[in-house]
Amino acid sequence: MILDSTFVWLHDTSFGTLIRESTWAEPIIETIHVLTLTVFLGFVILLDLRLLDLTLRRTPVSTVFRQLNPWLFGAFAIMLVTGLSLFAGDPVLFYGTIFFKLKMIMLLAAALNVVVFNLTLGRRLVQWDGRPVTPAGAKVTGILSLVLWISVVACGRGIAYVLPPP
Amino acid sequence: MHELATWTLEFCRWCNESFFGHTIRDSAWLFPFIEVFHLLALGLLGGILVMLNLSLLGFRFGHATTGELARELRPWMLGCILIMLLSGFLLFSTEAVKLYGNWAFQLKMIFLLLALLYTATLHRRVLEAPQAGAALRALTAGVSLLLWLGVGLGGRAIGYVTTAASAVAGS
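Computed from a predicted structure; not experimentally measured. As a convention, each chain's residues are numbered from 1 in the sequence order in which they are written. As they are written, the chains are lettered A onward and the ligands numbered 1 onward, keeping that order. For a predicted model such as this one, the threshold for reporting local features is a pLDDT of at least 70, and the threshold for listing and counting side-chain atom pairs is 80 or more; totals across whole chains, interfaces and linings nevertheless cover every residue.

A few words now on the overall build of chain A. A tally of helices and strands in chain A yields 8 helices and 0 strands. Secondary structure elements in chain A, listed N-terminal to C-terminal, are α-α-α-α-α-α-α-α. Over its C-alpha atoms, taken along the principal directions, chain A stretches across nearly 55 × 30 × 25 Å. Counts of 20 or more other C-beta atoms within 10 Å of a residue's own C-beta define buried residues, counts of 12 or fewer define exposed ones, and intermediate counts define partly exposed ones; C-beta atoms are placed from the backbone. Looking at chain A as a whole, 28% of its 166 residues qualify as buried. We call two residues in contact if the C-beta atoms placed from their backbones are at most 7 Å apart. Intrachain contacts of chain A at a sequence separation of at least 6 include 81% that bridge at least 24 residues. Counting from the N terminus, the helices are the DSSP runs of H or I reaching at least four residues and the strands are the DSSP runs of E reaching at least two.

A few words now on the overall build of chain B. Counting its secondary structure elements, chain B contains 8 helices and 0 strands. Reading chain B from its N end, one meets helices and strands in the order α-α-α-α-α-α-α-α. Its C-alpha atoms put chain B at 55 × 35 × 25 Å along the principal axes. For chain B, with 171 residues in total, the buried portion stands at 35%.

Facing the 23 residues of chain B at the interface are 26 residues of chain A. At the level of secondary structure, the elements contributing two or more residues to the side of chain B that touches chain A comprise α3 (30-56), α4 (66-93) and α7 (134-158) of chain B. The element best represented in the side of chain B that touches chain A is α3(B), accounting for 13 residues. In terms of residue class, the side of chain B that touches chain A is built from 15 nonpolar, 5 polar and 3 charged. Polarity classes work like this: nonpolar for Ala, Val, Leu, Ile, Met, Phe, Trp, Tyr, Cys and Pro, charged for Asp, Glu, Lys and Arg, and polar for all others, with Gly in that last group.

Our next topic: the packing of helix α2 (residues 14-21) of chain A against helix α4 (residues 61-89) of chain A. Residues and elements named next belong to chain A. Simply put, an axis is a line fit to the C-alpha atoms, just over the touching stretch for a helix, and the angle between two N-to-C directions goes from 0 to 180 degrees. Viewed as axis vectors pointing N to C, α2 and α4 meet at an angle of 85°, and their least axial separation amounts to 7 Å. Taken together, the axes of α2 and α4 lie roughly perpendicular to each other. Contact residues: Phe-15, Gly-16, Ile-19 and Arg-20 in α2; Ser-85, Leu-86, Ala-88 and Gly-89 in α4. Orientation labels follow simple angle bins: below 35 degrees gives roughly parallel, above 145 gives roughly antiparallel, 65 to 115 gives roughly perpendicular, and whatever is left gives oblique.

Counting 55 residues, the largest nonpolar core has Leu44(B), Leu45(B), Ile48(B) and Leu52(B) as its most contacted members. Broken down by secondary-structure element, the contributors of at least two residues to this core are α3 (25-51), α4, α6 (98-119) and α8 (136-162) of chain A together with α3, α4, α6 (103-127) and α7 of chain B. Nonpolar cores are built from buried Ala, Val, Leu, Ile, Met, Phe, Trp, Tyr and Cys residues. These are joined into a set through C-beta atoms within 7 Å. Within the second largest apolar cluster, 11 residues are counted, among which are Ile34(B), Leu91(B), Phe92(B) and Val97(B).

The next thing to look at is the environment of Phe31(B). With respect to the element layout, Phe31(B) can be found in helix α3. For the pair Phe31(B) and Ser87(B), spaced 56 residues apart in sequence, the C-alpha separation works out to 9.6 Å.

A score from 0 to 100, pLDDT tells how confident the predictor is in each residue. Looking at chain A, the pLDDT average stands at 92 and 99% of residues meet or exceed 70. Averaged pLDDT values for the elements of chain A fall to 88 in helix α7 (residues 125-128) of chain A and rise to 96 in α6(A).

Next up on the list: the environment of Ala109(A). Residue and element names in this part refer to chain A. Checked against the element boundaries, Ala-109 lands in helix α6. By C-beta crowding, Ala-109 is classed as partly exposed, having 15 other C-beta atoms within 10 Å. With 39 residues separating them along the chain, Ala-109 and Leu-148 place their C-alpha atoms 7.2 Å apart.

With that settled, consider the packing of α3(A) against α3(B). α3(B) packs onto α3(A) with a crossing angle of 90° between their chain directions and a minimal axis gap of 7 Å. One finds that α3(A) runs roughly perpendicular with respect to α3(B). Contact residues: α3(A) offers Leu37(A), Thr38(A), Val39(A), Leu41(A), Gly42(A), Phe43(A), Ile45(A) and Leu46(A), while α3(B) offers Leu42(B), Gly43(B), Leu44(B), Gly46(B), Gly47(B), Ile48(B), Val50(B) and Met51(B). Here the contact of α3(A) with α3(B) is composed, by residue class, of 11 nonpolar, 5 polar and no charged.

Time to look at the confidence of the model for chain B. Atom-level detail of predicted coordinates should not be read off regions where pLDDT is low. All names here are of chain B. Summarising the model, chain B shows a mean pLDDT of 90, and 94% of its residues fall at 70 or more. Low pLDDT, under 50, characterises residues 163-171; the stretch is placed with 13 contacts to residues that sit more than four places away or in other chains. Interface confidence for the predicted complex, given as ipTM, is 0.88, next to a pTM of 0.90.

This part takes up unusual backbone geometry. Residues and elements named next belong to chain A. Non-glycine residue Asp-53 carries a positive phi angle of around 65°. One can find Asp-53 in the loop between α3 and α4. For Asp-53, a count of 15 C-beta atoms within 10 Å gives the class partly exposed. Notably, Leu-56 is not glycine yet its phi reads approximately 50°, a positive angle. Along the chain, Leu-56 turns up in the loop between α3 and α4.

See the structure below:
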């Protein structure tokens, strides 16, 4: 299967070998991964809470989006690069765990949630931006996002838990 | 100083033998389950602190002043700190005596104490002082970020530090 050969190739690249064999690479990259979570997950939760009218109610949704988006995208890029680097250390081992597969499915679902929002309610943002209460659809998006990202974190923890310590 | 050390070790022994310590240790899934709450609260707490400190550094979040932002986010911040302390204590109780001798854990606790004190006093005062100058605001934000970064790095290091503390535990 194409996936298997890609994993073997990634495993054997000098980068994959470096991650696997260096004493410091894994702890340093994982620390960056976890600390960036404070910006990424923190801002995602804040956005969701805003969509749910639970905080920052006096700031319009569009303003919260505009202010947090650059940080969110930057942090996500770091999460992606560090996450893929950790994965490169032993792709076959990671992929063999149920939690890794679940995490990827939840990640895709979370991305889909963002896309659906942007294509529907997000397009009509100007119509409901200034209202005192966000529409029901925005609240559904917020709850879905919270549930999905919490699942991503839980699965991530699960991966570390079922894998033998390095 | 010696008495404090004895008392602390006594407390760690008590945690180890407590109902929480036993129950979580004996369960296959309770530890990771509690850890997820610890991580989620970390995410939101970190996000709030980054946002407040960015605001101190001059980034605008809508029309809200730094003080308004701080007041609005405070209940969430306190909730996160509470969840982190509770879940952290539960995780700690599973291997309290081992952690007693772990320098990374000691470092984390010192940073945590400083960060909490700082957040409740100086940080809060400057967040709510509209007349504070740019330099003071920047300094306040920098110290806050450094203190909490110390807590985070100490926490990350705990798992990588192996100690001879198990010997202490046996004595």
